[in-house]
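Coordinate analysis (summary)
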Amino acid sequence: MTKRALITGITGQDGSYLAELLLEKGYEVHGLVRRSSSFNRARIDPIYLHPDNAGRLSLHYGDLTDSTSLTNIVRAAAPDEVYNLAAQSHVAVSFEMPEYTASADAIGAIRLLEAVRQHAPDARFYQASTSEMFGLTPPPQHEGTHFHPRSPYGAAKLHAHWATVNYREAYGLYAVSGILFNHESPRRGESFVTRKISLAAARIAATGSASGATGALTLGNLDAIRDWGYAAEYVEGMWRMLQQDEPADFVLATGVGSTVRDFCELAFSHVGLDWRDHVVTDPRFVRPAEVPELVGDASHAASELGWKATTSVGELARLMVDADLAALGATSSAAAERA
Ligand code: NAP
Ligand code: GDD
């Protein structure tokens, strides 16, 4: 029997990697997409249009803020597995749009859980939870660590996390919360810090300028520590969480922390540049409340799921810069020669 999966957020970084993984495993995949006046399918279209996937990937219009569309999609797709990856996922933006962020990220998860409970109660449900929920609590953070969110985004995701646990305990749904630490890739949105850095390093190496009037890269807090892994590996962990005998929540992380400054050094040195010559800071990019240090302990996922991150932060920085250079028609060795 062909398994059917429904992915919200299929046009995002993780949604596109997860769709690829599930199609490779033989699933029929359904994805929720938002109507947009401009093109928002750049990540999913190459997968959607691939001849091997013809008739196996369906896209449906909907929105996490619209329960009618969620109910209709759950009924139409009749999924065996539901992955709720859609979210207003930018922490800094959540301070400017706290109400919308709560509606999409907290109540959106409840809207979808309710649609699943009523129309596909045997489906297994994955909620995209986040290390941002740990906020101010010092590392190493694991499944039992105290939550102390520091942003409207973190607070909304914590609401969705507990709603997921509650639907499991109250209604017996196979519902799990994957608490994922930062994971990046060449498909990462351009306003997240790693992609901002990889793009700037590539542009400066290839053209001499990051962008804008000064040609420099403008960042906020360089001291923040994050546990950066490779997104393509993390979607395998999501899938494994839905294949267990009993539902449980898991942290996915590398266990290694690096500062934003370290990531600049890794990316710029790959193209023969000194980051200190090209990075400036501006309080505009500093958040009203910061999360100083996130470093995860994924030993529960290692023992129960057999999942382990394998790409180091250095490899990650290099593969992201290489992908951005390739899009500009350059290579890291050619760029380093010019630098
Ligand atoms: P992303 O690239 O920002 O993708 C977010 C997806 O959600 C996009 O497909 C977006 O659609 C969709 N979306 C946003 N608002 C929506 C709404 N109201 N209704 C329906 N769809 C909506 O995020 P990601 O990095 O792939 O992350 C996937 C999930 O994991 C998110 O929930 C994020 O909060 C969570 N997470 C991410 C990380 C990480 O480090 N990447 C770590 C922990 C947790 P458009 O393409 O139309 O914008
Ligand atoms: N975005 C951004 N832009 N961040 C900057 C900048 C900048 O110019 N300068 C410094 N930073 C710092 C932020 O203050 C933060 O401490 C760190 O870089 C990482 O920022 P982001 O890349 O925006 O990621 P995030 O950690 O806030 O959130 C991401 O990871 C979460 C998991 O911990 C997002 O993917 C969330 O959706 C996810 O839940």
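Owing to the predicted nature of the structure, the values given are computational and were not obtained by experimental measurement. (Residues numbered from 1 in each chain as written. Chains lettered and ligands numbered in written order. Predicted model: local features only at pLDDT ≥ 70, side-chain atom pairs only at ≥ 80, totals over all residues. Heavy atoms only, no water.)

As for the environment of V280
Note that V280 resides in strand β13 (residues 279–281). What makes V280 partly exposed here is its relative accessible area of 38%. Taking the C-alpha atoms as reference, V280 lies 6.2 Å from L217; in sequence the two are 63 residues apart. Setting aside anything within four residues of it in sequence, one finds V280 in contact with A216, L217, T218 and L219. (Helix = DSSP H or I, 4+ residues; strand = E, 2+ residues; numbered from the N terminus. Buried < 20%, exposed > 50% of the residue type's maximum accessible area, 1.4 Å probe, protein only. Contact = heavy atoms within 4.5 Å.)

Quick word on the domain arrangement of the protein
By the assigned domains, the protein splits into domain 1 (4–184 + 230–252) and domain 2 (193–226 + 256–293 + 311–338). Computed over C-alpha atoms only, the centres of domain 1 and domain 2 are separated by 28 Å. On the side of domain 2, 13 residues touch domain 1, which itself brings 15 residues to the contact. Across the domain 1/domain 2 interface, buried area totals approximately 1200 Å², and carbon plus sulfur atoms make up 60% of it. When the buried area of domain 1 at its contact with domain 2 is split by residue, R150, E184 and Y230 rank highest and sum to 39% of it. (Domains from an automatic or database assignment. Buried area = accessible area lost by both parts, 1.4 Å probe.)

Describing the site of ligand 1
Around ligand 1 lies a shell of 26 residues, among which T11, R34, S89, Y153 and K157 are the nearest. The contact in question runs from a nitrogen atom of ligand 1 to an N or O atom on the side chain of D63, over 2.9 Å. A distance of 2.6 Å separates an oxygen atom of ligand 1 from a polar side-chain atom of S89. Of all the elements in the fold, those that place two or more residues in the shell around ligand 1 are α1 (13–24), α5 (98–119), β5 (124–130) and α6 (152–171). Looking at which element gives the most residues to the shell around ligand 1, the answer is β5, with three residues. Here the residues of the shell around ligand 1 are counted per class, giving 11 nonpolar, 10 polar and five charged. (Near = heavy atom within 4 Å. Polar contact = N/O pair within 3.5 Å; in protein donor to acceptor, adjacent residues only side chain to side chain. Nonpolar A, V, L, I, M, F, W, Y, C, P; charged D, E, K, R; others polar.)

Re helix α9 (residues 260–270)
Those residues of α9 not exposed but buried are V260, F263, C264, A267 and F268. Down the axis of α9, the buried side of the element spans an arc of 115 degrees, and every buried residue falls inside it. Just downstream of α9, G272 is the residue with a positive phi angle, here 75 degrees. (Arc of directions from axis to C-beta.)

Quick look at the sheet that holds strand β2 (residues 28–33)
A sheet is described by the order of its strands in space; here seven strands give the open sequence β3-β2-β1-β4-β5-β6-β11, paired in parallel fashion. Strands at the two margins of the open sheet, each flanked by one partner only, are β3 (57–61) and β11 (250–252). Here the average twist between neighbouring strands, direction ignored, is 20 degrees. Summarising the sheet, strand β4 (residues 81–84) and β5 pair through four bridges and their orientation is parallel. Bridge assignment links E81 to a residue of β5, and that residue is R124. Each of β5 and β6 (174–180) touches α6; the most contacted strand, β5, lies at about 155 degrees to it. Taken strand by strand, helix α8 (residues 231–241) contacts β4, β5, β6 and β11, and its axis lies near 155 degrees from that of β6. (Pairing = 2+ DSSP bridges. Axes fitted to C-alpha atoms, helices over the stretch in contact; angles between N-to-C directions.)

Remarks on the site of ligand 2
Within the structure, ligand 2 sits among 24 residues, and T130, S131, Y153, R287 and E290 are positioned closest to it. V193 places a main-chain nitrogen or oxygen 2.8 Å from an oxygen atom of ligand 2. E290 is positioned with one of its side-chain polar atoms (N or O) 2.6 Å from an oxygen atom of ligand 2. When ligand 2 is considered free in solution it has 720 Å² of accessible area, and contact with the protein chains removes 95% of it. When residues of the shell around ligand 2 are traced back to their parent elements, those giving at least two are α7 (193–207) and β8 (217–219). (Areas by Shrake-Rupley, 256 points an atom, 1.4 Å probe, with all protein chains shown as cover.)

Digging into the pairing of β2
Remember that side chains alternate between the two faces of the sheet whenever the strand is regular. Summarising burial for β2: five of the six residues are buried, a large majority. Sheet topology places strand β1 (residues 4–8) next to β2; five bridges connect them, and they run parallel. What sits directly across from L6, in β2, is H30. In terms of strand pairing, β2 meets β3 through five bridges, oriented parallel. Residue pairing for β3: L32 is matched across the bridge by H60.

With respect to the packing of aromatic side chains
Applying the stated criterion across every chain, the model contains eight aromatic pairs. Taken together, the aromatic side chains of F134, F147, W162 and F181 make up a single cluster linked through ring pairs. The ring of W239 carries K25 above its face, with NZ or CZ at 3.8 Å from the centroid. Over the ring of Y174 we find R124, and its NZ or CZ is 3.9 Å from the ring centre. (Phe/Tyr/Trp six-rings, centres within 6.5 Å; stacked < 30°, edge-to-face > 60°. Lys NZ or Arg CZ within 6 Å of the ring centre and 35° of its normal.)

Quick word on unusual backbone geometry
A cis amide bond, omega 0 degrees, links P139 with the succeeding residue P140. Along the polypeptide, P140 turns up in the loop between β5 and α6. Although it is not a glycine, A78 adopts a positive phi angle of roughly 40 degrees. A relative accessible area of 34% means that A78 is categorised as partly exposed.

Observations regarding the pattern of salt bridges
In total, this model carries 12 salt bridges according to the counting rule given. Where D249 meets R168, a salt bridge forms, and the shortest distance between an N and an O atom there is 2.8 Å. One end of the pair, D249, is in the loop between α8 and β11; the other, R168, is in helix α6, with 81 residues separating them in the sequence. Each of the two residues, D249 as well as R168, counts as buried. Here the residues in one salt-bridge network are K25, E236 and R240, joined through shared partners. (Salt bridge = Lys/Arg side-chain N within 4 Å of Asp/Glu carboxyl O.)

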